[in-house]
Amino acid sequence: MKSQNNNYDGKPTAYLDHNILDVFVKNRELPFASELREKYQIVYSDETLKEIKRTGDGGLEFLELLKSLEAMHLRIFITEKFEVTDKAVLKEINPFDAFEDYCNNIEPVYEAMEKATAQSLLKFYGGRAGSDFDDINKEQIDSFGHLMSYISDRVAEIKNLVPGIEAAVSAHTREMQNSFNEALAQSAAELRKHIDDEVNYSGVQTYRNHLNIGPVQLNNIEPPGVIEKIWSIYKNLDGYSENDFSTEQFLGISKNPIYNREMYLHEKVISIYNILNVIGYYPDSKMKHDRRFTAAMSDAGHAAIASFSDFLFSRDAAFIHKTRAAYEYLNVKTKVIEVIVNNV
C-alpha cells in the first residue's frame, strides 16, 4: 500500500468494486462481508462516492455498508497548487462525512462540463445517434462558457482585494473560450474528412471493421504477456507499421504535450483500460448507451485508484481481464480477485 507518508502498517488493503458493494447491500447476511472486514482494511475512493451519488436515495445504504465495513477513504494526493501526484492518501473518515465533503466540493458547473466533454467519446462509441458533431460541439461550447462565467463570478467577489484581477481574468477567459471553440471546430473538420455519415457514426466499430480485429480474435489471448501479444497483432497493420508506433504510443501512455511529463502509473492504468475497451479486448457492452458508457468510465477510474491497494475484488469478468492486463504490463503489484457468489 502506497500513501503520501508511507505510514500505514495495518492489514492488507482491499478495494471493492462497486458490484461487490452492491451484492453486500442486497444481501446483508453474507458472511463474506465480515470475512473481508476481518482479514483486510477495506478502502473506497471518490469514484465509489461518485457512483453512490448517482444512485440517489439508495446511496445511503452503500454509505451504511462502508461504515459497517470500517472502510477508509483512499484518494490521489493533490498538492496545494492542485497538481495531481503519483501518491495516494489513506484517511480514516466516516463515509457519510466523506460523501458530504465530496458532494460539497463538486460544483454542478464542473459536473456539467465533465458530462459535456464526455459526449465526444460517447459519440466515438456509437452513442448520440441523430446528433452530428456540431450538435455536440455546441453543448460543449455552452458548458465551457458557463464554466468561464462561473470563474469570472468568483473573481468578481475578490476584485477589490486584488486590483486589476477582474480585467486580467476576463481577458484570459475570453482567450480560453476562443481557443476551445477553435479546437472543437478543427477537430470536427478533421473528422469529417474521413466520415461520410456523422449522424450515425461509431468510431469504435469503424476502427474494428477496418482492421478486421475485435473481441472474437482478442478474447482468445491468455496471460501472461497479454499486452505484448495484442501489440504483436497490431504492430504490422496499416496505420501502425508505417508510422513506427511503439507499444507505449499504441496504449496512449507515452510522454505527450497534454501532460508535458511522464504519465503517472494510475493515469497509465486508465489509458490502457480505455484502449483495451476500444480495440475490443473483453470490451464493456452497450457503451453507445449513456448509462453503460458512464459505468465503463467509472470502471477505468476504479482500476486506477485500486492500483494503490494490495487487493482488488470484483465480480465483473470483463473488468477483471482488462485490469489484470493493464496491471501486468505496468508491473502493478495489486492482486485482482474474481468473486463468484452463488444463489444471490
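In case you missed it, the structure is sitting above this.
Criteria and thresholds
Residues numbered from 1 in each chain as written. Predicted model: local features only at pLDDT ≥ 70, side-chain atom pairs only at ≥ 80, totals over all residues. Heavy atoms only, no water. Helix = DSSP H or I, 4+ residues; strand = E, 2+ residues; numbered from the N terminus. Expected span 1.5 Å × (residues − 1). Buried < 20%, exposed > 50% of the residue type's maximum accessible area, 1.4 Å probe, protein only. Salt bridge = Lys/Arg side-chain N within 4 Å of Asp/Glu carboxyl O.

Engineer: Which residues make up helix α13 (residues 265-279), and what values do they have?
Structural biologist: Between its first and last C-alpha atoms α13 spans 21 Å; for 15 residues at 1.5 Å apiece the expected length is 21 Å, and the two agree. Most of α13 sits inside the fold, with twelve of its 15 residues counted as buried. Buried within α13 are the following residues: His266, Glu267, Lys268, Val269, Ser271, Ile272, Tyr273, Asn274, Leu276, Asn277, Val278 and Ile279. Two residues or fewer after α13 comes Gly280, characterised by a positive phi angle close to 105°.

Engineer: Before we move on, could you go through the pattern of salt bridges and cite the residues and values that matter?
Structural biologist: This model, assessed by the stated rule, comprises 16 salt bridges. Between Glu38 and Arg37 there is a salt bridge, with the nearest N and O atoms lying 3.9 Å from each other. For Glu38, a relative accessible area of 56% gives the class exposed. The salt bridge involving Lys50 is made with Glu47; its shortest N-O contact spans 3.9 Å. Here Lys50 pairs with Glu47, and both are found in helix α3 (residues 46-54), just three residues apart, close to one helical turn. Glu47 gets classed as buried once you look at its relative accessible area, which sits at 15%. Salt bridges sharing partners connect three or more residues here, namely Glu47, Lys50 and Glu114.

Shape descriptors only; they carry no functional weight alone.
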